[in-house]
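Each chain, letter by letter, is given below.
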Amino acid sequence: MFAFGAGVTLLFAWRLGWSWLVQVVPRQPAEVPLTALCLCLAALTLVACAAAVNQQILLPRGGRLLAMLLAGVGAVVLAEYTLGLESGIGNLLYARQLREFDVDFDGRPSPQTALSFVLFGIAVWLYFGRRRDRFDLADIAAAASLFLPAAALLSYLFDLDRLGQPQEGIRFGMPPLAALSMTLLSTGLQSLNPRRGLASLLSAQPDGGLASRRMLLAAILLPSLLGYLQVWAIRQGIIDLSLGVAITIAASVMVFVVLLIWNAELMMRLYVEQRRQLALREEQARREAATDALTLLYNRRGWEQCLLIEEQRSQRENLDAGVFVIDLDGLKVVNDREGHASGDALLQRAAQALRGCVRRRDVVARIGGDEYAFLATEIVPEVAPVVEERLRKALQAVGVSASIGHALRSAHGSLPGAAEVADRAMYQDKRARKQGRDAAAELLPVTGS
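Model, not experiment: these values are computed from the prediction.

**Re the overall build of the chain**
Piece 1. What the chain contains, in helices and strands, is 17 helices and six strands.
Piece 2. Burial analysis of the chain (449 residues in total) assigns 42% to the buried set.
Piece 3. Long-range contacts, defined as pairs at least 24 residues apart, comprise 70% of the intrachain contacts of the chain with a sequence gap of at least 6.
Piece 4. By element, 62% of the accessible surface of the chain is carried by carbon and sulfur atoms, the whole surface being about 25400 Å².

Shown next as structure tokens:
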């Protein structure tokens, strides 16, 4: 918007004879009509490029045509300067005003301005082509188109007295409005697509993006500030040229070393944080892989891991432990009569009851559909029946009946061996309880009419 507005304003300035706007800085290059027209064309080219990237307004063919036109105008002007020709391209607009204005120019943009138009047109052309995910030729061309106008702006800051002095009839340098407009346009082209090229590196969230954003402001402002102070001190006679250059270089090195250390510390801190987050995610994944989703107890995988860990501890510290296998009664009947929601509620009540019996090192798990396992650590054989009875009563308290079998590590050599024996004992208990129920049913009196 600024570049297009500057171009339109300059065209009106030529039409209305506003010489103070045509040549903002006395004895420096003027904003000729062709430069104003090219600024408008460059602004429209950037709009077409942005619209094509977002797939909104213009087709890539229209944007490339505008880019070719802009680069072509700049190339013709450069050819005139190089070959000493006079094609008359500088007199296409406001020929009469060009003759009437009391300004030292011939109507053509300066060589730097023309080269900036060429580079900007090439960069836009490449932006419409196939791009890489990271830095590519389009970014190189955009950076080159940014270099000339940015250098011109810095030249106004550092060496105003000698900027744009004519040499062999050619006035070098860029006028200030053109330099500022092309700087903004080239910067906009660099940041056109934040997912590709240089913009993606600066806007990235990982460590490199944060470090580059830290360095960017210092990389832009520090040389400008130090350079200006050097030129000012030399002009005031405070220091000579050699001392000014030495001070500037030393100050730049010192500041960038500090920034380097700052970024190194940032990288290390982010690396440690990422490793911590990765470890937490891995631990969470292991927990989820070993956890039953319905009851939030250990699943079979988690149960087997706990058995192995406790077996190693028991061997190392010569401890005993007991394994209890619990199989709920009537889950299939509940699912068939009342639905699976009621069956899930039954499983959750059983899990909650068993969880209430757990000590600090004990483990409870759901190892099958209606089968649970309980690991009682550091117990003696005399306590095992008491633990079994406590488990049975805890389940009965929530309305759940179950068959339970247990075995001790000391009696069967290892916890996995005890788990197998406890599983067989549970089935024996189930058969015994079924036989008891059947016998009780046969003893019930038979009533009839």
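Moving on from the model shown.
**What about the confidence of the model for the chain?**
Piece 1. When pLDDT is averaged across the chain, the result is 80; 80% of the residues are at 70 or more.
Piece 2. Element-level pLDDT for the chain is lowest in strand β1 (residues 166-167), with a mean of 49, against a maximum mean of 94 in strand β3 (residues 321-328).
Piece 3. For residues 161-166, every residue scores under 50 in pLDDT, and the model assigns this stretch 13 contacts once sequence neighbours within four places are set aside.

**A closer look at the side chain of D429**
Piece 1. When you line up the elements, D429 lands in helix α17 (residues 415-443).
Piece 2. A distance of 3.0 Å separates a polar side-chain atom of D429 from the backbone nitrogen of I404.

**What to know about the nonpolar core**
Piece 1. Among the nonpolar cores identified, the biggest contains 42 residues, and F120, M182, L185 and L189 are the most heavily contacted of them.
Piece 2. Mapped onto this core, the elements with two or more residues apiece are α1 (2-16), α2 (19-22), α3 (33-53), α4 (60-83), α6 (111-127), α7 (137-158) and α8 (176-190).
Piece 3. Take this core: its biggest share by element is 10 residues, from α3.
Piece 4. Of all hydrophobic cores here, the second largest spans 27 residues; its members include F324, V334, A402 and L408.

**Looking at the packing of aromatic side chains**
Piece 1. A full pass over the atoms with the stated rule returns one aromatic pair.
Piece 2. Ring geometry for F324 against F374: centres 6.3 Å apart, planes inclined by 75 degrees, an arrangement best described as edge-to-face. A residue pair is termed long-range when its members are at least 10 positions apart, and F324 in strand β3 and F374 in strand β5 (residues 371-377) qualify at 50 residues. Each of the two residues, F324 as well as F374, counts as buried.

**Thoughts on a nonpolar patch on the surface**
Piece 1. On the surface, L154, L157, L225, Y228, L229, W232 and I238 cluster together into a nonpolar patch covering about 650 Å² of accessible area.
Piece 2. For the nonpolar patch, the secondary structure elements donating two or more residues are α7 and α10 (207-235).
Piece 3. Per-element accounting of the nonpolar patch gives the leading share, four residues, to α10.
Piece 4. By secondary structure assignment, the location of L154 is in helix α7.

**A closer look at unusual backbone geometry**
Piece 1. A positive phi is found at N318, a non-glycine position, where the angle reads about 55 degrees.
Piece 2. Note that N318 resides in the loop between α12 (300-317) and β3.
Piece 3. Unlike most non-glycine residues, E378 shows phi in positive territory, near 55 degrees.
Piece 4. Position of E378 among the secondary structure elements: in the loop between β5 and α15 (384-397).

**Some details on the pattern of salt bridges**
Piece 1. A complete count under the given rule lists 15 salt bridges for this structure.
Piece 2. When the shortest N-O distance is used, the salt bridge between R276 and E273 registers 2.9 Å. Of the two residues, R276 and E273 both sit in helix α11 (residues 241-289), three residues apart, roughly one turn of that helix.
Piece 3. In this structure, D362 and R359 form a salt bridge, with 2.8 Å as the shortest nitrogen-oxygen distance.
Piece 4. Taking relative accessible area as the criterion, D362 reaches 8% and is therefore assigned buried.
Piece 5. Take R359: its relative accessible area is 39%, and that puts it in the partly exposed class.
Piece 6. Via salt bridges that share partners, E310, R313, E317 and E378 belong to a single interconnected network.

Here is what the cut-offs are and how they apply
- Residues numbered from 1 in each chain as written.
- Predicted model: local features only at pLDDT ≥ 70, side-chain atom pairs only at ≥ 80, totals over all residues.
- Heavy atoms only, no water.
- Helix = DSSP H or I, 4+ residues; strand = E, 2+ residues; numbered from the N terminus.
- Buried < 20%, exposed > 50% of the residue type's maximum accessible area, 1.4 Å probe, protein only.
- Contact = heavy atoms within 4.5 Å.
- Areas by Shrake-Rupley, 256 points an atom, 1.4 Å probe, with all protein chains shown as cover.
- pLDDT = per-residue confidence, 0-100.
- Polar contact = N/O pair within 3.5 Å; in protein donor to acceptor, adjacent residues only side chain to side chain.
- Core = buried A, V, L, I, M, F, W, Y, C linked by side-chain atoms within 4.5 Å.
- Phe/Tyr/Trp six-rings, centres within 6.5 Å; stacked < 30°, edge-to-face > 60°.
- Patch = residues over 30% accessible without salt bridge, like charges linked within 9 Å, V, L, I, M, F, W, Y side chains within 5 Å.
- Salt bridge = Lys/Arg side-chain N within 4 Å of Asp/Glu carboxyl O.

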